[in-house]
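Geometric and topological summary
This is what each chain is made of:
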Amino acid sequence: MKILERLLEGMFKMSSAITSIVILLIIIFLFKEGFGLFRSPVVEKGYGLYINSKNPVTDLNPTQIKQIFDGEIENWNEIGGKDESIYLLRFDEIFSIYSDEELGENYQFLPQKLNNIISENSNIIAFFPKKFMPEISSPTKEIANKNIGIPDFIYGKEWLPTTTPSPLFGIIPLVLGTLLVSFLAILIALPFGLGVAIYLSEIANNKVRGMIRPAIELLAGIPSVVYGFFGLVIIVPIVQKMGNISAGETAFTGSLILAIMALPTIISISEDALRNTPLALRESSYALGATQWQTIYKVVIPFASSGISAAIILGIGRAIGETMAVLMVTGNGAVIPHSIFESVRTIPATIAAELGEAPMGGTHYQALFLLGCVLFLFTLVLSIISEIISNKQTSKSA
Amino acid sequence: MKKTIILTFSLFCLALNIKAQKIKGSDTVLPLSQEAAENYKKKNPTTTISVTGGGSGVGISALISGTTEIAQASRKIKFDEKLKIQESGNTLKEVIVAYDALSVIVNPSNKVSKLTREQLEGIFTGKITNWKEVGGDDLKIVPYSRETSSGTYEFFKESVLKNKNYKTGIMSLPATGAIMQSISQTKGAIGYVGFAYLNTNVKAINISYDKGKTYVVPDITNVKNKTYPIVRPLYYYYLTKNTNKVKGFVDYILSPEGQKIVSNVGYITVK
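Quick notes on the rules
- Residues numbered from 1 in each chain as written.
- Chains lettered and ligands numbered in written order.
- Predicted model: local features only at pLDDT ≥ 70, side-chain atom pairs only at ≥ 80, totals over all residues.
- Heavy atoms only, no water.
- Helix = DSSP H or I, 4+ residues; strand = E, 2+ residues; numbered from the N terminus.
- Buried < 20%, exposed > 50% of the residue type's maximum accessible area, 1.4 Å probe, protein only.
- Contact = heavy atoms within 4.5 Å.
- Areas by Shrake-Rupley, 256 points an atom, 1.4 Å probe, with all protein chains shown as cover.
- Lys, Arg positive; Asp, Glu negative; His and termini not counted.
- Charge placed at Lys NZ, Arg CZ, Asp CG, Glu CD.
- Polar contact = N/O pair within 3.5 Å; in protein donor to acceptor, adjacent residues only side chain to side chain.
- Domains from an automatic or database assignment.
- Buried area = accessible area lost by both parts, 1.4 Å probe.
- Salt bridge = Lys/Arg side-chain N within 4 Å of Asp/Glu carboxyl O.
- Axes fitted to C-alpha atoms, helices over the stretch in contact; angles between N-to-C directions.
- Left-handed = near helix turned anticlockwise from the far one by under 90°.
- Nonpolar A, V, L, I, M, F, W, Y, C, P; charged D, E, K, R; others polar.
- Pairing = 2+ DSSP bridges.

**Examining the overall build of chain B**
Scanning chain B from N- to C-terminus turns up 10 helices and 11 strands. Taking the principal axes of the C-alpha coordinates as reference, chain B spans close to 85 × 40 × 30 Å. When the 271 residues of chain B are sorted by exposure, 50% land in the buried category. Within chain B, contacts between residues separated by at least 24 positions form 73% of all contacts whose residues are at least 6 apart in sequence. Accessible surface computed for chain B: about 12,300 Å², of which carbon and sulfur atoms make up 55%. Computed over 37 positive and 21 negative side-chain charges, the separation of the two mean positions in chain B equals 5 Å.

The following block contains the structure:
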């Protein structure tokens, strides 16, 4: 008998150890993959940007490269060069200038042809695989290819992960989008959730309570895709009509859906907190002549306030991590939001939508892992706060 | 008796030799390959063909690493992918199995029914923001795009935007179904979907690639005679050393019966 107990004890110890180790490994993996981004070059690996050596420009940042290749910067003098219009040469275009025969069977003449083009055009910028570039000497010069910097990621205002030659991984629009949607959702859900919790714990009789509680728990069990579908077909057109705006996929729509999804968390946790108010406290309140309402807002709610705060924070945590429903209704435009009636893109939605096709180990893949790290830090902070608050609660009732 | 044994044995070897083909790659080509593989298996019970998606890039990298026999792709093989195959000492065979056209769609209440490529580029890069600039009502334009992971996104960017980037913060939806839904309920919306998805809830736009001289209606005839400009081929890629292994299936999909499946799935036949 004793041996059996020992064995069971050992097994439990083992399983908790394994759980902790697995969680730790996942976190380490996340950060390891994510921080690889800062060891990757700005211009795609194996490629380079080449200009004529007479061109005084030596350095370009990712945003400038993007603007050049989008045709927004058209003259070298905008980025510190001579007053010349920029001649863009993308790799594929070489095949329309020269025929396959001229380039040779294994493209052995390609480096020489490239060299010719670059020496003939002093205003050229060419984007090519490194292996086809002639030796770096006159008349060709490579633009310095630095690694992606931490500021590019943290302060970057544009998220364009598949742009060539240099993708932009700015997280500001994504972080702001995530926070906006989540906090707005809690603002909407809180009055409702608190109302329901107070009704259930203080006013409703057992029969009503026995009906409403399971219904709310059912709400927590609906898959999030179903919420997203409901949102896209029903709520998006309603928001569009009510707000009289051009498109119904907005931060506000996402918050509405998230509010519904966060309700069960808020209701059940704050109801528990309210019901934990000792009977003695309520009875003393009544004995002093307070009405039921006075008891609720002067005694019960202040006593349960830390439990309610924990409910709010867990609700925000639920909203921040939600993926599918948000992906379907917020429109996913990666832009810094200026109003709640604009499309936003959240971090989880970005990861879900893009990871599938991001080449494994590439910069895009690493950037998505780094987004995962950011998300993890958010929820970590939130759970620490809620832990602190609920510890306060237990010490108070003790 | 001996003859029978030898015959069975050689048949068995033959069966081993041709069985277990793998097709991998683009999700756009996936429904076509699946349907064709099922029918092909019915006719040739000894073969097994497994078809999986994952994206054009995934399929081609599987072809390079030798884990698939056929790579299905909704875009032409990229130059560096081709180089990798050359480096491994193999040669590549490219077969066009069908064509897919992209339609530009708007809400049915929209007055605008034709646009030039330049206007489309302006709309999707954010330089044109109101429908009155292209002959419509005074209404904000709401462009919808697909997610960056989709081959359709890349193709539209290449063909219509001439490799420029979509406007910052363009709305991007995860699936064609979501695009259709949003455009049918948003007045100022514009988006792009595969030709096969067109229905009466949205309006297809006539497109001009010659600065407004001729506008082409996206219908089967125009797509087939290639006057409609936004058409992309769908490819099968395989290594020439595997020709014997895959020839049966590739020939089947190019046969009249296979091409019938192509039009059933909603794409345009090769011939």
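**Comments concerning the side chain of Arg90(A)**
On the secondary structure map, Arg90(A) appears in the loop between strand 2 (87-89) and helix 3 (94-97). Polar contacts involving the side chain of Arg90(A) include one to the main-chain carbonyl oxygen of Phe69(A), which spans 3.0 Å. Reaching out from Arg90(A), the side chain makes a polar contact with the backbone oxygen of Asn163(B) at a distance of 3.5 Å. In contact with Arg90(A), other than residues within four places in its own chain, are Phe69(A), Phe127(A), Lys162(B) and Asn163(B).

**With respect to the domain arrangement of chain A**
By a frequent convention, interface size equals the accessible area lost on bringing the separate parts together. We note that the domain assignment places domain 1 (47-144) and domain 2 (172-397) within chain A. Each of domain 1 of chain A and domain 2 of chain A was reduced to a C-alpha centroid, and the two centroids are 51 Å apart.

**Looking at the interface of chain A and chain B**
On the chain B side, the residues contacting the 32 residues of chain A number 35 residues. Carbon and sulfur atoms supply 50% of the area buried between chain A and chain B, which totals about 2,800 Å² over both sides. Where chain A meets chain B, there are zero salt bridges. For the interface between chain A and chain B, the tally reads 10 residue pairs in polar contact (both at pLDDT 80 or more).

**Some remarks on the domain arrangement of chain B**
We note that the domain assignment places domain 1 (2-99 + 234-265) and domain 2 (103-224) within chain B. One C-alpha centre belongs to domain 1 of chain B, the other to domain 2 of chain B, and the line joining them spans 33 Å.

**A short note on the packing of helix 11 (residues 279-287) of chain A against helix 12 (residues 292-321) of chain A**
Residues and elements named next belong to chain A. As a packed pair, helix 11 and helix 12 sit with axes 10 Å apart at the nearest point and diverge in direction by 145 degrees. Note on packing geometry: the crossing formed by helix 11 with helix 12 is right-handed. Counted together, Leu 281, Arg 282, Ser 285 and Tyr 286 of helix 11 and Gln 292, Thr 295, Val 299, Val 300 and Phe 303 of helix 12 form the full contact between these two elements. Grouping the amino acids of the contact of helix 11 with helix 12 by side-chain chemistry returns five nonpolar, three polar and one charged.

**Brief notes about the pairing of strand 1 (residues 47-52) of chain A**
All names here are of chain A. Of all six residues in strand 1, six are buried; the element is thus mostly enclosed. When strand 1 meets strand 3 (residues 124-129), the two strands line up antiparallel, connected through five bridges. Bridge pairing links Gly 48 to Phe 128 in strand 3. Two strands pair when backbone bridges link them, and strand 1 and strand 4 (residues 140-142) are joined in this way by three bridges, in the antiparallel orientation. Within strand 4, the residue paired with Asn 52 across the bridge is Thr 140.

**Some thoughts on the sheet that holds strand 2 of chain A**
The strands making up a sheet are joined through hydrogen bonds of the backbone, oriented either antiparallel or parallel. All names here are of chain A. Taken together, four strands build an open sheet; the order of strands is 2-3-1-4 and the sheet is mixed. Bordering the open sheet on either side are strand 2 and strand 4, each of which pairs with just one other strand. With direction set aside, neighbouring strand axes in the sheet form an average angle of 25 degrees. Each of strand 1, strand 2 and strand 3 touches helix 2 (residues 62-69); the most contacted strand, strand 3, lies at about 105 degrees to it.

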